[in-house]
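Chain and residue survey
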Amino acid sequence: MELSKNDKRLLKALQRNARQSVSELARELDLSRTTVQKRLTALESNGVITGYKVKLSDSYRAETIQAYVNLVVDPRKGAMVTSALEKLPQVEALYTVSGKIDMVALMRVHSPAELDTTLDRIGETEGVRDTDSAIVLSTKFDRR
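Bear in mind that the values here come from a model prediction, so they are computed numbers and not experimental data.

1. Description of the pairing of strand β3 (residues 103-109)
Within β3, 7 of the 7 residues are buried, which leaves it mostly tucked inside the rest of the structure. Burial of β3 is two-sided: the residues Met103, Ala105, Met107 and Val109 facing one way and the residues Val104, Leu106 and Arg108 facing the other way are all buried. Where strand β1 (residues 65-73) meets β3, 7 bridges bridge the pair, whose relative direction is antiparallel. Its bridge partner being in β3, Val69 is matched across the sheet by Ala105.

Now the structure itself:
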């Protein structure tokens with residue numbers, strides 16, 4: 001789907017606040033309510049918008065620990081590792097990447113002990129050859 005200038009503006013507005021009503025979006029973008037509704041429907045039906053998510057508050061995030069875990073995975077074991085990590089509720093997202101590492105897991109836990117235990121479970125997962133983790137100290141900005 002080819003995105004128009006207004007589609008891109010609409011997506012940016014939704015990324016800032018996906019809970020806005022169609023009327024609020026129309027006012028913000030200086031478009032008619034009907035136009036915004038039609039564009040939203042088209043973006044959803046064409047798979048550009050696949051859902052709406054909750055953005056965690058700074059106070060909640062301050063009570064949790066977020067970490068990125070770089071994974072080196074044995075060849076042809078990616079699907080097995082993906083399946084195992086998907087079962088861990090502490091893993092919020094898993095990405096395949098290019099370079100010296102194969103995957104990056106984004107984790108959120110409530111304590112250093114939980115982080116330690118989860119890192120051990122990831123490291124013990126069949127197909128995971130090596131891990132390296134980095135704890136997020138602060139978020140400067142997040143456009144997701």
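2. Some words on the pattern of salt bridges
For the coordinates displayed, the defined rule picks out 5 salt bridges. Measuring nitrogen to oxygen at the nearest pair gives 2.7 Å for the salt bridge that ties Asp7 to Arg39. With Asp7 in helix α1 (residues 5-16) and Arg39 in helix α3 (residues 33-45), the pair connects residues that are 32 residues apart, well separated along the chain. Between Arg129 and Asp74 there is a salt bridge, with its nearest N and O atoms 3.0 Å apart. In this pair, Arg129 sits in strand β4 (residues 128-135) while Asp74 sits in the loop between β1 and α5 (78-86), placing the two residues 55 residues apart along the sequence. Take Asp74: its relative accessible area is 28%, and that puts it in the partly exposed class.

3. Overview of the side chain of Gln20
Structurally, Gln20 can be placed in the loop between α1 and α2 (22-29). Among the polar contacts made by the side chain of Gln20, one reaches the main-chain carbonyl oxygen of Asn17 at a distance of 3.3 Å. Within the local environment of Gln20, its side chain forms a polar contact with the side chain of Glu28, the two groups lying 3.4 Å apart.

4. Some thoughts on α1
With 12 residues, α1 extends 17 Å from end C-alpha to end C-alpha; this agrees with the ideal 16 Å at 1.5 Å per step. Taken together, the buried residues of α1 touch α2 and α3.

5. Structural notes on the UniProt feature "domain: HTH asnC-type" (unreviewed entry) in the protein chain
When the UniProt feature table is mapped onto this chain numbering, "domain: HTH asnC-type" (unreviewed entry) sits at residues 3-64. For residues 3-64, the end-to-end C-alpha separation is 37 Å, with 61% helix and 0% strand making up the annotated structure.

6. Topic: unusual backbone geometry
Non-glycine residue Asp30 carries a positive phi angle of around 55 degrees. Mapped onto the elements, Asp30 comes out in the loop between α2 and α3. Its identity is not glycine, yet Arg76 carries a phi of approximately 65 degrees, on the positive side. Counting through the fold element by element, Arg76 comes out in the loop between β1 and α5.

Rules behind the numbers
Residues numbered from 1 in each chain as written. Predicted model: local features only at pLDDT ≥ 70, side-chain atom pairs only at ≥ 80, totals over all residues. Heavy atoms only, no water. Buried < 20%, exposed > 50% of the residue type's maximum accessible area, 1.4 Å probe, protein only. Helix = DSSP H or I, 4+ residues; strand = E, 2+ residues; numbered from the N terminus. Pairing = 2+ DSSP bridges. Salt bridge = Lys/Arg side-chain N within 4 Å of Asp/Glu carboxyl O. Polar contact = N/O pair within 3.5 Å; in protein donor to acceptor, adjacent residues only side chain to side chain. Expected span 1.5 Å × (residues − 1). Contact = heavy atoms within 4.5 Å. UniProt positions renumbered as here; feature names shortened; annotations may be inferred.

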